[in-house]
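Residues per chain are reported as follows:
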Amino acid sequence: MATQAASDDEYITLESSDKFIFVIHRDVATLSGTIKNMLSSGHFEESRSNFITLRDIKAVILEKVCRYWYYKAKHLNSVTEIPHFEIEPEYALETLMAADFLDT
């Protein structure tokens, strides 16, 4: 039973404004200052449930943010040149706003 609880804490669930669900690694999600604060303090329900609803972020944007977190985690301590992270121009503004909100 302790093994199950440990694996549950390894992931968190994010829900977009249009009700899509994203299950991602907790250590990747905490690259976001906002998510890290929500999960690390005992003051938020999210820290106990590992479930965060992002009411102002659509799934198409949240997917890009999640992909960026994995990209950032992969290249965090890289000593070589980091490849560009591509964002389609039609999503750039919304992605930038979400990244700002999430302190990413």
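What you are looking at is a predicted structure, and each value in this text was computed from that prediction instead of being measured. (Residues numbered from 1 in each chain as written. Predicted model: local features only at pLDDT ≥ 70, side-chain atom pairs only at ≥ 80, totals over all residues. Heavy atoms only, no water.)

Asks: Would you mind going over helix α3 (residues 33-40) with me for this structure?
Replies: Turning to α3, its buried residues number three or more, namely G33, T34, I35, M38 and L39. Each element contacted by the buried residues of α3 is listed here: β1 (11-15), α2 (26-29), α4 (45-49), β3 (51-53), α5 (59-75) and α6 (92-101). (Buried < 20%, exposed > 50% of the residue type's maximum accessible area, 1.4 Å probe, protein only. Helix = DSSP H or I, 4+ residues; strand = E, 2+ residues; numbered from the N terminus. Contact = heavy atoms within 4.5 Å.)

Asks: I keep staring at unusual backbone geometry and nothing clicks. Help me out?
Replies: The phi angle of most residues is negative, glycine excepted, and most peptide bonds adopt the trans form. The residue K19 is not glycine, and still its phi comes out positive at about 70°. Secondary-structure assignment places K19 in the loop between β1 and β2 (21-25). Judged by its relative accessible area of 57%, K19 falls in the exposed class. One non-glycine residue, N50, lies in the positive phi region at around 60°. Here N50 is to be found in the loop between α4 and β3.

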